[in-house]
Amino acid sequence: MWRAEESASLHHWKVGPGKKVGVVGLGGLGHMAVKIAHAMGAHVTLFTTSPNKREDGLRLGADQVVVSKNADDMAKVTNSLDFILNTV
């Protein structure tokens, strides 16, 4: 279930157009975080340990998906985000 705290966090940190947001985890909270951050106009990067979740993340609104077990993928996004929401 989505908790109001996550939505409040996105608003508090002024997530919206021009902001780059990372969402860690694509479970119950993660999929809602991706959808809401996308709807708020942010560029959304999903972090997951499972390459199998790439298509789901993109379908839900992520602009890119990073498999966190892949060091090269992680290096490409180092210091590139304005906000990270950990939903794990």
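Residues numbered from 1 in each chain as written. Predicted model: local features only at pLDDT ≥ 70, side-chain atom pairs only at ≥ 80, totals over all residues. Heavy atoms only, no water.

Visitor: Hey, could you go over the pairing of strand β3 (residues 64-67) for me, with residue numbers and the actual values?
Guide: Pairing of strand β2 (residues 43-48) with β3, which is carried by four bridges, proceeds in the parallel orientation. Looking at β3, one finds that Phe47 is bridged to Val66. For the crossover from β2 across helix α3 (residues 54-60) to β3, the handedness is right-handed. (Pairing = 2+ DSSP bridges. Helix = DSSP H or I, 4+ residues; strand = E, 2+ residues; numbered from the N terminus. Right-handed = clockwise from strand over helix to strand, strands pointing away.)

Visitor: Can you break down the pattern of salt bridges residue by residue, with the values?
Guide: Here the idea is simple: oppositely charged side chains can pair when their charged atoms come close. With the rule as written, the count across this model stands at one salt bridge. Put simply, Asp56 and Arg59 hold a salt bridge, and the shortest N to O gap is 3.2 Å. Within this pair, Asp56 and its partner Arg59 are both found in helix α3, separated by three residues, close to a single helical turn. For Asp56, a relative accessible area of 34% gives the class partly exposed. (Salt bridge = Lys/Arg side-chain N within 4 Å of Asp/Glu carboxyl O. Buried < 20%, exposed > 50% of the residue type's maximum accessible area, 1.4 Å probe, protein only.)

Visitor: Lay out helix α2 (residues 28-39) with the relevant residues and their values.
Guide: If you check α2, its first and last C-alpha atoms are 17 Å apart, about what 12 residues at 1.5 Å a residue would give, namely 16 Å. Those residues of α2 lying buried are Leu29, Gly30, Ala33, Val34 and Ala37. Here the buried residues of α2 occupy an arc of 135 degrees about the axis, which is enough to place them on one side. Of the residues trailing α2, Gly41 is marked for its positive phi of about 95 degrees. (Expected span 1.5 Å × (residues − 1). Arc of directions from axis to C-beta.)

Visitor: Pulling in residues and values, what's your account of the confidence of the model for the chain?
Guide: With 92% of its residues at a pLDDT of 70 or more, the chain shows a mean pLDDT of 91. Mean pLDDT values for the elements of the chain range from 71 in helix α1 (residues 4-12) up to 98 in β2. (pLDDT = per-residue confidence, 0-100.)

Visitor: Let's hear about the sheet that holds β3: which residues, and what values?
Guide: Strand order in the open sheet made by the four strands is β3-β2-β1-β4, with parallel pairing throughout. Lying at the two open borders of the sheet, with one neighbouring strand each, are β3 and β4 (83-86). Between one strand and the next, the sheet's axes are offset by a mean angle of 20 degrees, whatever the strand orientation. Two strands pair when backbone bridges link them, and strand β1 (residues 20-24) and β4 are joined in this way by four bridges, in the parallel orientation. Across the sheet, the residue bridging to Val24 is Asn86, located in β4. (Axes fitted to C-alpha atoms, helices over the stretch in contact; angles between N-to-C directions.)

Visitor: Report on unusual backbone geometry, specifying residues and quantitative values.
Guide: The backbone phi angle of Lys14 is positive, close to 55 degrees, even though this residue is not glycine. Turning to its location among the elements, Lys14 is positioned in the loop between α1 and β1. Look at Lys14 and you get exposed, because its relative accessible area is 62%.

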